[in-house]
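Here's the letter readout for the chains.
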Amino acid sequence: MPTASQRLARARALESVVRDIARDEILPRYLKSARNRKADGSLFTEADIESQRRFSEALPQFLPGNVLGEEMTAAEQGELWNEGARGLWCIDPIDGTTNFANGIPLFAVSIAYLIDHEPVLGVVYNPITDESFYAARGAGAFLNGTELPLRAGATSLRDAVAGVDFKRISHHLGDELAVRPPYYSQRNFGSSALEWCFVAAGRLDVYVHGGQMLWDYAAGRLILAEAGGQAEALDGGHLMSGPAIKRGVIAAASPTLFAEWSAWIKGHS
């Protein structure tokens, strides 16, 4: 069993792999890739496909395990999940494809390595800003080598800056948040993986999103937890329950703030 320091060394090495592939496959296609639509209506670009191909080749050489990616069929994802308890890569080659395709510099590569279906390594990298968030279980979370969080955040919900994705939460909860917000201010950046990391860094204090898939939060959840934050599924269920389930999530930068935020959400849902 690797020690915490050994896991952290692996996370840093994984960060280098992610940076290299992003430099080769994503950055050259920024502002140049045409948008395409999958059967479910979501966007993808050539950069999504080529970067996933490169990660699928490189990651199993780094640590043993199949690669479960967003750009796969549901049947393929389910089969890999069921076989992957002893080691599984969960990746989103570009989280925030709409931002990427429209030239908005807020998107990220999200990579997590899971054992027993729980993340032990995580990297979220924005190649435009060159910000790399990474964590290893039991070894802390970092941004470009600086330990997270970067700042002391709000200590009460009324002073908090919230990340809220209004289009995916219920109309009732959305109305409550819009008309009677319990926090100081609200933001939405269009990349779930980055938003998890922004909570971990202290850029956001609390977070709610009505529908995320496994690859949206597998790395970010670990990074937040290692930075001292807390999260759970919006319905109280287990987040790491497989790739076929879209989950609402709530999170906060500290357990104290999470308790206040969670109580408010549950009281107004």
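Residues numbered from 1 in each chain as written. Predicted model: local features only at pLDDT ≥ 70, side-chain atom pairs only at ≥ 80, totals over all residues. Heavy atoms only, no water.

Here we look at the overall build of the protein
Scanning the protein from N- to C-terminus turns up 8 helices and 14 strands. Against the compact-globule benchmark of 18 Å for 269 residues, the protein has a radius of gyration of 17 Å, which places it among compact chains. Along the first, second and third principal axes, the C-alpha set of the protein runs to 50 × 45 × 35 Å. As displayed, the protein has an accessible area near 11,500 Å², and 50% of this comes from carbon and sulfur atoms. Averaged over its 25 positive side-chain charges, the protein has a centre that lies 2 Å from the centre of its 32 negative ones. (Helix = DSSP H or I, 4+ residues; strand = E, 2+ residues; numbered from the N terminus. Rg over C-alpha atoms; globule rule 2.2 N^0.38 Å. Areas by Shrake-Rupley, 256 points an atom, 1.4 Å probe, with all protein chains shown as cover. Lys, Arg positive; Asp, Glu negative; His and termini not counted. Charge placed at Lys NZ, Arg CZ, Asp CG, Glu CD.)

Topic: the pairing of strand β7 (residues 131-136)
Of all the 6 residues making up β7, 6 are buried; the element is thus mostly covered by neighbouring parts of the structure. Both faces of β7 are covered, namely the face carrying E131, F133 and A135 and the face carrying S132, Y134 and A136. Both strand β6 (residues 118-126) and β7 contribute to a ladder of 6 bridges, which runs antiparallel. Each bridged residue has a counterpart across the sheet, and for V123 the counterpart in β7 is Y134. Between β6 and the antiparallel strand that follows it, β7, lie 4 residues; D130 among them carries a positive phi value of about 60 degrees. Across 4 bridges, the pairing between β7 and strand β8 (residues 140-143) is antiparallel. Bridge pairing in β8 links A135 to A141. (Buried < 20%, exposed > 50% of the residue type's maximum accessible area, 1.4 Å probe, protein only. Pairing = 2+ DSSP bridges.)

Focus on the packing of helix α1 (residues 4-26) against helix α2 (residues 46-62)
At a minimum axis distance of 10 Å, the contact between α1 and α2 shows a crossing angle of 150 degrees. On the basis of their axis angle, the class for α1 and α2 is roughly antiparallel. At the point where α1 passes α2, the crossing takes the right-handed sense. Every residue of α2 that contacts α1 at R10, A13, L14, V17, V18, I21, D24, E25 and I26 is listed here: A47, E50, S51, R53, R54, F55, A58, L59 and F62. (Axes fitted to C-alpha atoms, helices over the stretch in contact; angles between N-to-C directions. Parallel < 35°, antiparallel > 145°, perpendicular 65-115°, else oblique. Left-handed = near helix turned anticlockwise from the far one by under 90°. Contact = heavy atoms within 4.5 Å.)

Thoughts on the sheet that holds strand β12 (residues 206-212)
Sheet architecture is open: 5 strands sit in the order β11-β10-β12-β14-β13, paired in mixed fashion. The open sheet is flanked by β11 (185-187) and β13 (230-233), the only strands paired with a single partner. Across the sheet, the mean angle from the axis of one strand to that of its neighbour is 20 degrees, orientation sign disregarded. Judged from the 5 bridges that link them, β12 and strand β14 (residues 247-252) form a sheet pairing that is antiparallel. Opposite H209, over in β14, you have V249 as the bridge partner. Packing against the sheet, helix α6 (residues 192-201) makes contact with β12, β13 and β14, and its axis sits at approximately 160 degrees to β12.

Observations concerning the environment of G122
You can see G122 is positioned in strand β6. In sequence terms G122 and C90 are 32 residues apart; their C-alpha atoms lie 9.5 Å from each other. Setting aside anything within four residues of it in sequence, one finds G122 in contact with I111, A112, F133, Y134, A135, A219, L222 and I223.

A word on unusual backbone geometry
The linkage connecting L148 with the following residue, P149, adopts the cis geometry, with an omega of 0 degrees. Turning to its location among the elements, P149 is positioned in the loop between β9 (146-147) and β10 (161-165). The phi torsion at D130 lies on the positive side, around 60 degrees, for a residue other than glycine. Locating D130 in the fold gives a position in the loop between β6 and β7. D130 sits in the partly exposed class, given a relative accessible area of 36%.

Focus on the side chain of R29
Relative to the assigned elements, R29 resides in the loop between α1 and β1 (36-37). Within the local environment of R29, its side chain forms a polar contact with the backbone oxygen of E25, the two atoms lying 2.8 Å apart. The contact partners of R29, leaving out residues within four places of it in the chain, are D24, E46, A47, E50 and F100. (Polar contact = N/O pair within 3.5 Å; in protein donor to acceptor, adjacent residues only side chain to side chain.)

Focus on the environment of S262
In this structure, S262 sits in helix α8 (residues 255-268). S262 has contacts with E232 and I250, leaving out every residue within four places of it along the chain.

Some thoughts on the sheet that holds β9
Pairing is mixed in the open sheet, where 7 strands are placed in the order β3-β4-β5-β6-β7-β8-β9. Two strands in the sheet have a free side with no partner beyond their single neighbour: β3 (66-69) and β9. Contacting β3, β4 (88-95) and β5 (108-115), α2 runs over the sheet at an angle of about 155 degrees to β4.

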